[in-house]
Amino acid sequence: MFQTVIFDLDGTLLNTIDDLADAGNWVCKTNGWPTHSLDEYKHMVGNGIPKLCERFSPEEARTPGQLAGTLAQFSARYAAHKEDKTRPYDGIPELLKHLGRAGVRTAVFSNKADDLAQAIIGQYFGSAIDLTRGNLPHVPAKPAPEGLTPIFKALGAAPDTTLYVGDSDVDVETAHNAGLRCCGALWGFRGREELVSAGADFLAADAKELEALVLAQDRIPAAAGQ
């Protein structure tokens, strides 16, 4: 079994896309820009909020100064409304309880700003997750693996007994950059095709499949859920 599981946040533990899209479209409407569909936002997220703001902004509004202003608008709106529609995915609270009872250490590694990640994980999961790390100044965002180093140290984790779980190609790349195996969360924003193309080591269709993978005494040699 895996001794440690590191989760992505958006699209993996929590369905945050409605609140992210609402905040983005609020900024767009405020500035007189075209808005975007929910599906479009699913393909804009994953590389951090500054990159999300760049992607929903029209090309003529992407100077450094304009993007800084857009980021400030978005961050304030999202901070005030980040829990309006956000919910845990089915089975995730139960999964975390079962992993904890089995002695598996858990962490979150997100490109969401650290203060927001800490707040939202605390709100929905409390102490069910051992450690949360969001994006911090001067630490490269995912898929760079540097932000995982303090997580390994804090949890006493080893790469060969750690599983990374995420819903996008960014997550697969992050895991592989850190020498970890990655399980693709098929219930998230991006879906099977992207995760397979990115080279996910395993796939899980739901929280129960993920639990079986984590707690398996024998490693599953092929991608689960296929």
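We now turn to the structure provided with this report. (Residues numbered from 1 in each chain as written. Predicted model: local features only at pLDDT ≥ 70, side-chain atom pairs only at ≥ 80, totals over all residues. Heavy atoms only, no water.)

1. Quick look at the packing of aromatic side chains
Pairs of aromatic rings are described using the distance from one ring centre to the other and the angle between the two planes.
Okay, step 1: All chains considered together, the criterion is met by 4 aromatic pairs.
Okay, step 2: Note on Phe2 and Phe202: the rings are 6.4 Å apart at their centroids and 80° apart in plane angle, and the pair reads as edge-to-face. Taken together, the positions of Phe2 in the segment before strand E1 (4-7) and Phe202 in strand E8 (residues 202-204) put the pair 200 residues apart, joining distant regions of the chain.
Okay, step 3: Where Phe56 meets Phe74, the ring centres are 5.9 Å apart and the plane angle is 40°; that geometry is what we call tilted. On the criterion of sequence distance, the pair formed by Phe56 in helix H3 (residues 49-56) and Phe74 in helix H4 (residues 64-81) is long-range, its members being 18 residues apart. Accessibility classification places Phe56 together with Phe74 in one group, the buried group. (Phe/Tyr/Trp six-rings, centres within 6.5 Å; stacked < 30°, edge-to-face > 60°. Helix = DSSP H or I, 4+ residues; strand = E, 2+ residues; numbered from the N terminus. Buried < 20%, exposed > 50% of the residue type's maximum accessible area, 1.4 Å probe, protein only.)

2. With respect to the nonpolar core
Okay, step 1: Among the nonpolar cores identified, the biggest contains 48 residues, and Phe7, Leu13, Phe56, Phe74, Ile92, Leu163 and Leu210 are the most heavily contacted of them.
Okay, step 2: No other element matches helix H1 (residues 17-30), which puts 6 residues into this core.
Okay, step 3: Contacts of Leu13, omitting those with residues within four sequence positions, involve Phe7, Asp8, Arg87, Pro88, Tyr89, Ile92, Val108, Ile121, Phe125 and Ile129. (Core = buried A, V, L, I, M, F, W, Y, C linked by side-chain atoms within 4.5 Å. Contact = heavy atoms within 4.5 Å.)

3. What about the pairing of strand E7 (residues 181-185)?
Okay, step 1: By the criterion of burial, E7 is predominantly enclosed, with 4 of the 5 residues buried.
Okay, step 2: Where strand E6 (residues 162-166) meets E7, 4 bridges bridge the pair, whose relative direction is parallel. Within the sheet, the bridge partner assigned to Leu163 lies in E7 and is Arg181.
Okay, step 3: For the handedness criterion, the β-α-β arrangement of E6, helix H8 (residues 169-177) and E7 is classed as right-handed.
Okay, step 4: With 3 bridges connecting them, E7 and E8 associate as parallel partners. (Pairing = 2+ DSSP bridges. Right-handed = clockwise from strand over helix to strand, strands pointing away.)

4. Observations regarding empty space enclosed by the protein
Okay, step 1: For the structure shown, the criterion picks out 2 cavities of 30 Å³ or more.
Okay, step 2: Size it by volume and the largest cavity reaches roughly 220 Å³.
Okay, step 3: Together, 18 residues line the largest cavity, and Asp10, Val45, Gly46, Gly48 and Asn111 are the ones closest to its centre.
Okay, step 4: For the lining of the largest cavity, the elements supplying multiple residues, two or more each, are H3, strand E4 (105-113) and H8.
Okay, step 5: A per-element tally of the lining of the largest cavity places E4 first, with 3 residues.
Okay, step 6: As a volume, the second largest cavity reaches approximately 40 Å³.
Okay, step 7: Considering the residues around the second largest cavity, the lining is formed by Phe109, Ser110, Asn111, Gly134, Asn135, Leu136, Val139, Pro140, Lys142 and Gly147.
Okay, step 8: Secondary structure elements with two or more residues in the lining of the second largest cavity: E4 and strand E5 (131-135).
Okay, step 9: Looking at the lining of the second largest cavity, the element that brings in the most residues is E4, giving 3 residues.
Okay, step 10: Of the residues assigned to the lining of the second largest cavity, the class counts are 4 nonpolar, 5 polar and 1 charged. (1 Å grid on protein atoms, 1.4 Å probe; cavity = no way out; pocket = protein on both sides within 12 Å on 5 of 7 lines; lining within 4 Å. Points joined across faces, edges and corners; volume = space filled by probe spheres on them. Nonpolar A, V, L, I, M, F, W, Y, C, P; charged D, E, K, R; others polar.)

Worth remembering: the numbers are spatial, not functional.
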